[in-house]
Amino acid sequence: MAGDLDFLVRFPKEHNGMYIVYELYTFDNLFRLLLQSNFDHEEALAFVLFNCSLSALVFQERIHNKKYRKLSAKDALPVDLAASKARLIYDLMSICEEEKS
């Protein structure tokens with residue numbers, strides 16, 4: 001079953017406490033890190049579905065099309081790099097949303 005999930009504190013969360021996974025890059029990195037933490041593919045999928053806020057694109061491209069099954073723990077980025085990139089992407093998306101308003 002699942003291992004240590006302390007790395008998750010570095011990933012951005014929304015106001016409801018759900019991890020923000022609005023684009024494919026963050027999904028892939030987070031999913032690989034879960035696999036690296038001894039989740040199997042179905043356990044990692046369940047974790048994502050219950051604990052992450054997902055975009056329609058992520059849901060369609062990775063979950064509905066079952067492409068999450070092709071992800072591998074050996075391709076996981078280091079935790080700090082994956083979390084930093086997820087934060088950067090989220091911050092850029094937030095800035096774009098603010099500029100639209």
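Preceding block: the structure.
Please read all numbers here as calculations on a predicted model, not as lab measurements.

In this section: the side chain of arginine 32. Along the chain, the position of arginine 32 falls in helix 1 (residues 24-36). Once you skip the residues sitting within four places of it in the chain, arginine 32 turns out to touch Leu71, Ser72, Ala73, Asp75 and Ala76.

The phi torsion of most residues other than glycine is negative, and most of the peptide bonds are trans. The phi angle at asparagine 38 is positive, at roughly 75 degrees, despite the residue not being glycine. Mapped onto the elements, asparagine 38 comes out in the loop between helix 1 and helix 2 (41-51). A relative accessible area of 54% places asparagine 38 in the exposed class.

This part takes up helix 4 (residues 79-100). With 22 residues, helix 4 extends 32 Å between its outermost C-alpha atoms, agreeing within 8% with the 32 Å of an ideal straight helix rising 1.5 Å per residue. For helix 4, the set of buried residues is Ala82, Ala83 and Ala86. Seen from one end, helix 4 has its buried residues packed into an arc of 95 degrees, which puts them on one side. When the buried face of helix 4 is taken as reference, the exposed residues oriented beyond 90 degrees from it are Leu88, Glu98 and Glu99. On its buried face, helix 4 sits against helix 1.

Here is what the cut-offs are and how they apply
- Residues numbered from 1 in each chain as written.
- Predicted model: local features only at pLDDT ≥ 70, side-chain atom pairs only at ≥ 80, totals over all residues.
- Heavy atoms only, no water.
- Helix = DSSP H or I, 4+ residues; strand = E, 2+ residues; numbered from the N terminus.
- Contact = heavy atoms within 4.5 Å.
- Buried < 20%, exposed > 50% of the residue type's maximum accessible area, 1.4 Å probe, protein only.
- Expected span 1.5 Å × (residues − 1).
- Arc of directions from axis to C-beta.

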